[in-house]
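Chain by chain, the residues:
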Amino acid sequence: MNNPQIFRFHTITEYHRAAGLPNPAHPLISVVHMEDLNKPLADSPFSLIYDFYSISMKRVKNVKFKYGQQSSDFDEGVLFFMSPGQVFGVEFEKSAAMHHPEGWMILIHPDFLWNTPLAKNIRQYEFFNYSVNEALYLSDKEEMMLTTITQNIEQEYHANIDRFSGSVIIAQLELLLTYSERFYQRQFITRKAASHEILTKLEDLLADYFNSGTLALKGLPSVTYIAEHLNISPGYLSGLLKSLTGLNTQQHLHNKLIELAKEKLSTTNLSVSEIAYELGFEHLQSFSKLFKTKTNLSPLEFRRSFN
C-alpha cells in the first residue's frame, strides 16, 4: 500500500494556488469558501500540513478526516481548529463520489498576529490541539453567529486597508475564539453520557496503574500516557475535566495521589519515607511539600490526627 501523499504549505498563497483559488486579498489572512474548492488536492488519501492556523466549519459527504490516530466525518456542520505544523489526513469513502463541500475556512498566518496580545493568547485555546473526532458540533444558531463573524473578517480585509484594519480583524478573531470556548463548554455538558464514560475509564485506568506497583517504579503517569490510553487528545481531556470537576488533568492526578497517601498514612504502619517511595517520589521533601499544599498538614501531622 502506498503512503499517502503529503502536501505542506508554508504560506496561505501557496495553499490558494494548489487549491485553484485566486491569490488571497491579504497574504496573511484569508477566508476560503468551501464551495469554491472544485476538487480535492488528490484523488487518493493525502495529508495536509499548514505552517499557519486554520479554523474550519465544514460539511463534506463521503470523506473521512483524520488527525493523529482518530478519524471522523464532517457530515454535520462542525468546527475544527489546527495549529501550525499539525498533520491532517483526508481519506475518501470507497465507491462514493465526494459531495460538494459546504462551509468556510479561516487561514491565519502567525505573522498576522505579531505584536498583538493574541499572538500569545492563542496558545491558551486548547481546542487548537484537539483531535478531529473532538471537533465542536454547532447548533444552527451557533453556526450562524460564527459565520457572521467570519463574514465581518472577510469584509474588513477586502475593504480599503488602513491602520485600523488589523485591530478590527484581531478583535473579530478574539470574539470567534471566545464564542468557540463557550460552545465547547456547552458541548461538554450536553454530551454528559460520553463525558462521564471518559471519566469512568479514567478512574479505572488510574486504579489499575496505582494497584500494579507501577507508581513506585515510574511515578505518576504523564498526561500524554493517560490521553493515549483513553484514545483522546491531552488538551481535550484537560478541557473536559475542567468543565466537569474544575481541575485540569495534573491537578486531578495530584488529588488522587493525595487520597492514596491519606489512606496509607491512616491505615498502615509504613514510615512517611516508605509511603513517599511507594507513591513514586524520589525525595521525601517533594512528597511532604505536595501533601501540605493540598491538606494544610504535614504527613506526620495528618497521621497524628488519627491517633
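Scoring rules and cut-offs
Residues numbered from 1 in each chain as written. Predicted model: local features only at pLDDT ≥ 70, side-chain atom pairs only at ≥ 80, totals over all residues. Heavy atoms only, no water. Helix = DSSP H or I, 4+ residues; strand = E, 2+ residues; numbered from the N terminus. Buried < 20%, exposed > 50% of the residue type's maximum accessible area, 1.4 Å probe, protein only. Contact = heavy atoms within 4.5 Å. Areas by Shrake-Rupley, 256 points an atom, 1.4 Å probe, with all protein chains shown as cover. Axes fitted to C-alpha atoms, helices over the stretch in contact; angles between N-to-C directions. Parallel < 35°, antiparallel > 145°, perpendicular 65-115°, else oblique. Nonpolar A, V, L, I, M, F, W, Y, C, P; charged D, E, K, R; others polar. Phe/Tyr/Trp six-rings, centres within 6.5 Å; stacked < 30°, edge-to-face > 60°. Salt bridge = Lys/Arg side-chain N within 4 Å of Asp/Glu carboxyl O. pLDDT = per-residue confidence, 0-100.

Novice: Describe the overall build of the protein chain, and please don't skip the residues or the numbers.
Specialist: Looking only at helices and strands, one finds 12 helices and eight strands in the protein chain. The 307 residues of the protein chain split such that 44% are buried. Of the contacts formed within the protein chain by residues at least 6 apart in sequence, a portion of 74% connects residues at least 24 apart. About 16,400 Å² of surface is accessible on the protein chain, with carbon and sulfur atoms providing 50% of the total.

Novice: Requested: an account of the packing of helix 4 (residues 165-190) against helix 8 (residues 234-245), with residues and values cited.
Specialist: Two elements in contact, helix 4 and helix 8, have axes separated by 10 Å at closest approach and are oriented at 75 degrees. The orientation of helix 4 relative to helix 8 falls into the category roughly perpendicular. Across the interface between the two elements, Y184, Q185, Q187, F188 and I189 of helix 4 pack against Y236, G239, L240, S243 and L244 of helix 8. A per-class count over the contact of helix 4 with helix 8 returns six nonpolar, four polar and no charged.

Novice: Tell me about the packing of aromatic side chains, residues and numbers included.
Specialist: Inspection of every chain in the model, using the stated rule, returns 21 aromatic pairs. On the basis of an interplanar angle of 15 degrees and a centroid distance of 4.9 Å, the ring pair of Y50 and F52 is categorised as stacked. When the centroid spacing of 5.0 Å and the interplanar angle of 90 degrees are considered together, the rings of Y130 and Y184 count as edge-to-face. Of this pair, Y130 sits in the loop between helix 2 (118-121) and strand 8 (136-137) while Y184 is found in helix 4, placing the two residues 54 residues apart along the sequence. Three or more aromatic residues joined by ring pairs form one cluster here, namely Y53, F81, Y125, F127, F128, Y130, Y184, F188 and Y236.

Novice: Lay out the pattern of salt bridges with the relevant residues and their values.
Specialist: The final tally for this structure, using the stated rule, is six salt bridges. For E126, the salt bridge goes to K242, with nearest N and O atoms at 3.8 Å. With E126 in the loop between helix 2 and strand 8 and K242 in helix 8, this pair connects stretches of sequence that are 116 residues apart. Accessibility expressed as a relative area gives 25% for E126, which makes it partly exposed. Accessibility expressed as a relative area gives 42% for K242, which makes it partly exposed. Across the pair R186 and E142 runs a salt bridge, and its minimum N-O distance is 2.6 Å. You can see R186 sitting in helix 4 and its partner E142 sitting in helix 3 (residues 140-158), a full 44 residues away along the chain. Classification of R186 as partly exposed rests on a relative accessible area of 25%.

Novice: Provide a residue-level description of the confidence of the model for the protein chain, including the pertinent values.
Specialist: Confidence along the protein chain averages 85 in pLDDT terms, with 87% of residues attaining 70 or more. Per-element confidence in the protein chain ranges from a low mean pLDDT of 64 for strand 5 (residues 70-82) to a high of 96 for strand 2 (residues 29-33). In the model, residues 66-75 has pLDDT below 50 throughout and makes 42 contacts with residues more than four positions away in sequence or in other chains.

Novice: Run through the environment of K58, naming residues and quoting values.
Specialist: Structurally, K58 can be placed in strand 4 (residues 53-67). Accessibility expressed as a relative area gives 8% for K58, which makes it buried. In sequence terms K58 and V78 are 20 residues apart; their C-alpha atoms lie 6.0 Å from each other.

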